[in-house]
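What the coordinates show
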Amino acid sequence: MSQTELPELDPVIHAQARLRVVSSLSTLRESDSIAFPRLQEILKMTAGNLSVHLRKLEDAGYVEVTKTHHGRTPATLVRLTRRGRLAFEDYTAALRALLSPGQEEQKP
Amino acid sequence: MTTGDDDLPPANPAESLRLIERERAETELSITPDPRAFLWPWGFAWVIGFGLYFLRYGPGDRVFVDLPAWLPLTVLLTLLLAAGIFTGWYGAQLSRHISGPSTRQGVMYGITWSVAFAGMATVLSTTNGLLTDAHANLLWAGAMVAVTGIMHMAGGAIWNDRGLFALGLWTSIVNAAGILVGAGWHSLILAVLAGGAMLFVGTYQWLRLRRLASRGVR
């Protein structure tokens, strides 16, 4: 019985606000984007605060922020990248492993 | 620069998982279209419109309520038009919030409805003046409702939505049964069983969504 290695938690996602952003975005279907104001409304965050966290996630390559137009009004669209989705899945798997280490497969 | 509370990690893994679940449930609820918006306007149009048809053009040429002859068709078409405008507007609102493959799917499905009805109307209009009123009513209503049943079933297949698929299947069956029973009864069956089913499925799915939400969001 070797000691189970505790999985490391991704520091980019491991901040409460960014975890909320990524969790929310993970609900969308792959390649679907959500409008910035809508995301802000769901998360109940200020525009400034959300922007700060989105930039950090963007720097990590986890989200993609696209500026576009809906008719004549400018729109900002946000989506989780494939890398972001993977990071989120790894993160939740790591959490589950931390909660029930006995059920994790031992790595060689 | 700004390091508020929200920059800190959640207290523990269990708390993190709860946070994830809560956020996902809340987003899911917030971006899922209201099932009532797509089904209720049509359900009401059918219940009222075909209901009037039954009252004015009952089985065996019976007139239950002596309404003006033009009224049932006018009311039905007006309500259908209103339902079409409303669901189109609602769909457009949705696509302003979410864009990508899901939106494209919705737009294509919406266009399919319009094309299906326009195509069917073009074909049926060639029978104008060739049939008795009762027969023409049965043909138009039966064909349009058959298209509706098919579209709902296809919608169920596209979105893996059992409720919508079942609604389409049910609509197709009661439509066929109504046609076999004959004009007059067909209107009553459409009003009560098909229109009523739309209202029922819309309500049922809406309640289920709310239940899921209250379980997830707490």
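Not measured: the values here are computed from a predicted model. (Residues numbered from 1 in each chain as written. Chains lettered and ligands numbered in written order. Predicted model: local features only at pLDDT ≥ 70, side-chain atom pairs only at ≥ 80, totals over all residues. Heavy atoms only, no water.)

Overview of the overall build of chain A
Helix and strand content of chain A: 4 helices and 3 strands. Along the chain direction, N to C, the helices and strands of chain A fall in the order α-β-α-α-β-β-α. The contacts in chain A between residues at least 6 apart in sequence include a share of 56% that link residues at least 24 apart. With an accessible surface of roughly 6,300 Å², chain A has 50% of that area assigned to carbon and sulfur atoms. (Helix = DSSP H or I, 4+ residues; strand = E, 2+ residues; numbered from the N terminus. Contact = heavy atoms within 4.5 Å. Areas by Shrake-Rupley, 256 points an atom, 1.4 Å probe, with all protein chains shown as cover.)

Some thoughts on the side chain of B:Ser16
Looking at the secondary structure, you find B:Ser16 in helix α1 (residues 13–31). Setting aside chain neighbours within four positions, we find B:Ser16 in contact with A:Leu19, A:Tyr91, A:Leu95 and B:Pro10.

A closer look at the confidence of the model for chain A
Chain-level statistics for chain A give a pLDDT mean of 87 and a share of 87% at 70 or above. Mean pLDDT values for the elements of chain A range from 91 in strand β2 (residues 63–70) of chain A up to 96 in helix α3 (residues 47–59) of chain A. (pLDDT = per-residue confidence, 0-100.)

A few points about the pattern of salt bridges
Summed over all chains, the structure comprises 7 salt bridges over all chains. Salt-bridge contacts for B:Glu23 lead to A:Arg20; the nearest nitrogen and oxygen are separated by 2.7 Å. Taken together, the positions of B:Glu23 in helix α1 and A:Arg20 in helix α1 (residues 16–26) put the pair across two chains. Overall, the relative accessible area of 4% leaves B:Glu23 in the buried class. We note a salt bridge from A:Glu64 to A:Arg79, for which the minimum N-O separation is 3.2 Å. Here A:Arg79 lies in strand β3 (residues 73–80) and A:Glu64 lies in strand β2, a separation of 15 residues in the sequence. Here A:Glu64 falls in the partly exposed class, since its relative accessible area comes to 35%. (Salt bridge = Lys/Arg side-chain N within 4 Å of Asp/Glu carboxyl O. Buried < 20%, exposed > 50% of the residue type's maximum accessible area, 1.4 Å probe, protein only.)

Side note on the environment of A:Ser31
In this fold, A:Ser31 is placed in the loop between α1 and β1 (33–35). You can call A:Ser31 partly exposed: its relative accessible area is 39%. Each C-alpha atom of the pair A:Ser31 and A:Arg79 lies 7.0 Å from the other, and the pair is 48 residues apart in sequence. Once residues lying within four places of it in the same chain are set aside, the contact partners of A:Ser31 are A:Arg79, B:Ser99, B:Gly100 and B:Pro101.

A word on the interface of chain B and chain A
Chain B puts 29 residues into the contact, and the matching count from chain A is 36 residues. For the chain B and chain A pair, buried surface summed over both sides reaches about 2,800 Å², with 56% attributable to carbon and sulfur atoms. Residues A:Lys44 and B:Glu26 are paired through a salt bridge, measuring 2.8 Å at the closest nitrogen-oxygen approach. Here the side of chain B that touches chain A gets 14 residues from one element, more than from any other, and that element is α1(B). Both β1(A) and strand β1 (residues 98–99) of chain B contribute to a ladder of 2 bridges, which runs antiparallel. (Buried area = accessible area lost by both parts, 1.4 Å probe. Pairing = 2+ DSSP bridges.)

Quick word on the sheet that holds β1(B)
Taken in spatial order, the 4 strands of this open sheet run β2(A)-β3(A)-β1(A)-β1(B), and their pairing is antiparallel. Across the chains shown, the open sheet's two edge strands, defined by having one partner strand only, are β2 of chain A together with β1 of chain B. Sheet strands touched by α1(A): β1, β2 and β3 of chain A. Its angle to β3(A), the strand with the most contacts, is close to 95°. (Axes fitted to C-alpha atoms, helices over the stretch in contact; angles between N-to-C directions.)

Observations regarding the pairing of β2(A)
Regular strands place their side chains on alternate faces of the sheet. Residue and element names in this part refer to chain A. As paired strands, β2 and β3 are joined by 8 bridges and run antiparallel to one another. If you follow Lys-67 over to β3, its bridge partner there is Thr-76. Between β2 and β3, which follow one another and run antiparallel, lie 2 residues, and Gly-71 among them has a positive phi close to 70°.

Looking at the packing of helix α2 (residues 36–43) of chain A against α3(A)
All names here are of chain A. Two numbers describe how α2 lies on α3: the axes approach to 10 Å, and their chain directions differ by 105°. The orientation of α2 with respect to α3, classified from their angle, is roughly perpendicular. Residue-level contacts link Phe-36, Leu-39, Gln-40 and Leu-43 of α2 to Ala-47, Leu-50, Ser-51 and Leu-54 of α3. (Parallel < 35°, antiparallel > 145°, perpendicular 65-115°, else oblique.)

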